Amino acid sequence: MKGFGIYLKLQIKRMSKSFPIIFLMTLLLAGSFGLLAWMQMSISQNDEGKQKVALGIVGDAKDSYLGFGISALEQMDSSRFTVSFVMFDEEAKAKRQLEDGKIGGYILIPEGFVDSVVTGENLPVTYVAGGGQGGMGSQLIRELAESVSVMITETQAGIYGMQNYYIENDVLDTLYEDADRLNLKYFDVVLGREKMYKIETFSDTGGLSIAGYYVCALLLVFLLLWGMNCAALMVRDDLSLEKVLKAAGLKVGLQAAGEFIAYLGLMIANYLGIIMLLAVGMKVSDLAFAEISGIGDLLSFAAGVWPVVLCVSALQFLIYNLVNGLISGLLLNFLGAIVLGYLSGCFYPLSYFPQMIQKLAAFLPTGIAMEYMKNVIRKKNSGAQFFQLLLYTAVFVTAAVLLKKHKLEH
């Protein structure tokens, strides 16, 4: 064991000398991931699904029942949270806005439209959408237009049917009063239609906020790619020293243990450095989200992720013992990180994938790591994933020892 202690000390010293340049590369990698996370959050907050759909209206709505109706929609109806109305006095202006993508479509209201509705003639309005299939906004407006058309015709039929019934049965004393009451009843039903259904939102992020999900995903990908910084330290094409040490009595397993412990220490040192910088950044910028509202939450999450750091370190240690050259080690690490990250839901939520991929992710070490981090950040029980990560760590280290032994014997 004395030989192991000396070998471990030398490995730690070798790793320590490379720490400054490796930490600098780690900072650059972390900065790139931070920029990617910021861009992802910006897109998420500003995408079409989180904006109101702009609908143009071409026609004179001033001092008319039409203007009153539009004002009521903007102030009272639940559609005000989804659609915003833009008024145009000329169709040419609306057409330019549509071509520029500033509105999702526009409605051309003919003269005398309100009078036609009152008399039951219903002059048709023209809805103009952009070319091609259009986005979700255009689809939403089409659905809205169809719904409005049905509501207008059905309520008209009910009101006129009631009036005809009153006239045929000579009930004229309360005709206008009851017609007004029926109109108000229709208004109440239409404006309160959101009470007719219950909305349940199912998240693709496993109950996490978008920010929380991508913190876990980007951290996992970062750890997977981080090992590329150490490829020059870990990949050895000349094993003469190891063979001499083996002949001197230092077993292959002890050599591998010394190298892995030193590598793990280097990775933990870089990981802690990044976490400290993140803590300072949160303090300065007051950055927070649902799962991590302060530095205490960040440090608690970082401390809970250590089994992931251990497992990923073991995986990279195995990769570098699997190859004989620097280029092949870099390529294998990069491809492994991308493929495993993709299949584990780091780039897209797993619900986007076929059932076969979702089932496969549950057995991958990165899939287990992703689920473990999601439980840690939500402060939920993650015991099952914890032991699975430790088991994978043992498998990877054992496989690396066997590979190293095979190389030294041939």
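Just above sits the structure.
Residues numbered from 1 in each chain as written. Predicted model: local features only at pLDDT ≥ 70, side-chain atom pairs only at ≥ 80, totals over all residues. Heavy atoms only, no water.

Participant: Help me understand the overall build of the protein, please; the structure alone is not making it clear to me.
Facilitator: Helix and strand counts for the protein come out as 16 helices and four strands. Within the protein, buried positions represent 37% of all 410 residues. Sequence-distant contacts, at least 24 apart, represent 73% of the contacts inside the protein between residues at least 6 apart. Roughly 23,800 Å² of accessible area belongs to the protein as shown, and the carbon and sulfur atoms make up 64% of that amount. (Helix = DSSP H or I, 4+ residues; strand = E, 2+ residues; numbered from the N terminus. Buried < 20%, exposed > 50% of the residue type's maximum accessible area, 1.4 Å probe, protein only. Contact = heavy atoms within 4.5 Å. Areas by Shrake-Rupley, 256 points an atom, 1.4 Å probe, with all protein chains shown as cover.)

Participant: Honestly, the pairing of strand E3 (residues 105-108) in this entry has me stumped. Any pointers?
Facilitator: Examined bridge by bridge, strand E1 (residues 53-58) and E3 share four bridges and lie parallel to one another. Considered in E3, the bridge of glycine 56 is made with tyrosine 106. Of the strand pairs in this sheet, E3 and strand E4 (residues 126-129) are connected by four bridges, and their pairing is antiparallel. Opposite isoleucine 107, over in E4, you have tyrosine 127 as the bridge partner. (Pairing = 2+ DSSP bridges.)

Participant: Please explain the packing of helix H12 (residues 306-322) against helix H13 (residues 326-343) as it appears in this structure.
Facilitator: A pair of packed helices can be characterised by two numbers: the angle between their axes and the separation between those axes. Their axes nearest at 9 Å, the elements H12 and H13 cross at an angle of 140°. Between H12 and H13, the angle falls in the class oblique. Between H12 and H13 the crossing geometry is right-handed. Across from Leu315, Gln316, Ile319, Tyr320 and Leu322 in H12, the residues of H13 making contact are Gly329, Leu332, Asn333 and Leu340. Taken together, the residues that form the contact of H12 with H13 break down as six nonpolar, three polar and no charged. (Axes fitted to C-alpha atoms, helices over the stretch in contact; angles between N-to-C directions. Parallel < 35°, antiparallel > 145°, perpendicular 65-115°, else oblique. Left-handed = near helix turned anticlockwise from the far one by under 90°. Nonpolar A, V, L, I, M, F, W, Y, C, P; charged D, E, K, R; others polar.)

Participant: Explanation requested: the sheet that holds strand E2 (residues 83-88) in the structure shown.
Facilitator: Two strands in a sheet stick together by hydrogen bonds in their backbones, pointing the same way (parallel) or opposite ways (antiparallel). Ordered in space as E2-E1-E3-E4, the four strands form an open sheet in which the pairing is mixed. The open sheet has two edge strands with one neighbour each: E2 and E4. Each adjacent strand pair in this sheet contributes to an overall mean axis angle of 25°, direction not counted. Strand direction decides the pairing type here: E1 and E2, joined by six bridges, are parallel.

Participant: Would you explain a nonpolar patch on the surface in this entry?
Facilitator: On the surface, Ile327, Leu331, Phe334, Leu335, Ile338, Tyr342, Phe347, Tyr348 and Tyr352 cluster together to form a nonpolar patch covering roughly 890 Å² of accessible area. Here phenylalanine 334 shows up in helix H13. (Patch = residues over 30% accessible without salt bridge, like charges linked within 9 Å, V, L, I, M, F, W, Y side chains within 5 Å. Salt bridge = Lys/Arg side-chain N within 4 Å of Asp/Glu carboxyl O.)

Participant: Just to check I follow, could you spell out the side chain of threonine 393 for this structure?
Facilitator: With respect to the helices and strands, threonine 393 occurs in helix H16 (residues 383-409). By relative accessible area, which is 7% here, threonine 393 ends up buried. In this structure threonine 393 touches Leu310, Cys311 and Ala314, once residues within four positions along its chain are discounted.

Participant: Looking at this model, I keep getting lost on the nonpolar core. Mind explaining?
Facilitator: Here is a general trend for soluble globular proteins: nonpolar side chains tend to be buried in one another's company. Judged by nonpolar contacts, the single largest core of 68 residues is most densely connected at Leu220, Leu223, Trp226, Phe301, Val308 and Met373. What leucine 223 contacts, discounting residues up to four positions off in sequence, is Met267, Tyr271, Val308, Val309, Val312 and Gln316. If you look at the next biggest cluster of nonpolar residues, it comprises seven residues, including Val58, Ala94, Leu98 and Tyr106. (Core = buried A, V, L, I, M, F, W, Y, C linked by side-chain atoms within 4.5 Å.)

Participant: Teacher, can you tell me more about the packing of aromatic side chains here?
Facilitator: Centre-to-centre distance and the angle between the planes together describe a pair of aromatic rings. In this structure the tally under the stated criterion is 10 aromatic pairs. Taken together, a centroid distance of 5.1 Å and an interplanar angle of 90° make the contact between tyrosine 342 and phenylalanine 353 edge-to-face. On the criterion of sequence distance, the pair formed by tyrosine 342 in helix H13 and phenylalanine 353 in the loop between H13 and helix H14 (355-361) is long-range, its members being 11 residues apart. Cluster of aromatic residues (ring-pair linked, three or more members): Trp306, Phe386 and Phe387. (Phe/Tyr/Trp six-rings, centres within 6.5 Å; stacked < 30°, edge-to-face > 60°.)

Participant: Is there a simple way to explain the environment of alanine 248 in this structure?
Facilitator: Within the secondary structure, alanine 248 is located in the loop between helix H9 (240-247) and helix H10 (252-285). Separated by 245 residues in the primary sequence, alanine 248 and glycine 3 have C-alpha atoms spaced 9.3 Å apart.

Participant: Even after reading the chapter, I still don't get H13, so can you show me in this structure?
Facilitator: The periodicity of an α-helix, 3.6 residues per turn, causes residues three or four positions apart to be oriented the same way. The terminal C-alpha atoms of H13 lie 26 Å apart, and with 18 residues this matches the ideal 26 Å at 1.5 Å per residue to within 8%. Looking only at H13, the buried set comprises Gly329, Asn333, Ala337, Leu340, Gly341 and Leu343. Buried residues in H13, looked at end-on, bunch into an arc of 160°, giving them a common side. With its phi angle positive at about 85°, glycine 345 sits one or two positions after the end of H13. (Expected span 1.5 Å × (residues − 1). Arc of directions from axis to C-beta.)

Participant: Help me understand unusual backbone geometry, please; the structure alone is not making it clear to me.
Facilitator: Apart from glycine, the bulk of residues carry a negative phi angle, and the bulk of peptide bonds sit in the trans form. Backbone geometry at aspartate 170 places phi at a positive 55°, although glycine is not the residue there. Its location among the elements puts aspartate 170 in the loop between helix H5 (136-168) and helix H6 (175-191). Non-glycine residue lysine 379 carries a positive phi angle of around 60°. If you trace the backbone, lysine 379 turns up in the loop between helix H15 (365-377) and H16.

Participant: Whenever I open this one, the state of the cysteines confuses me. Can you help?
Facilitator: Simply put, disulfide is the name for a covalent bond between the sulfur atoms of two cysteines. A full pass over the atoms with the stated rule returns zero disulfides. The cysteine cysteine 216 is free of any disulfide, with cysteine 346 supplying the nearest cysteine sulfur at 9.4 Å. By relative accessible area, which is 0% here, cysteine 216 ends up buried. (Disulfide = S-S within 2.5 Å.)

Participant: Looking at this structure, I do not really get the side chain of glutamine 255. What am I missing?
Facilitator: Position of glutamine 255 among the secondary structure elements: in helix H10. Beyond its immediate stretch of four places on either side in the chain, glutamine 255 contacts Tyr7, Glu242, Leu245, Lys246, Leu250, Lys404 and Leu408.

Participant: What is the right way to look at the pattern of salt bridges in this model?
Facilitator: Charged atoms that come close allow side chains of opposite charge to pair. Here the structure, examined in full by the defined rule, presents four salt bridges. We note a salt bridge from arginine 181 to aspartate 178, for which the minimum N-O separation is 3.2 Å. Note that arginine 181 and aspartate 178 are positioned in helix H6 at a spacing of three residues, about one turn of the helix. Residue classification places aspartate 178 among the buried residues on the basis of a relative accessible area of 15%. Between lysine 379 and aspartate 297 there is a salt bridge; the shortest N-O distance is 3.7 Å. In this pair, lysine 379 is assigned in the loop between H15 and H16 and aspartate 297 in helix H11 (residues 295-304), connecting sequence segments 82 residues apart.

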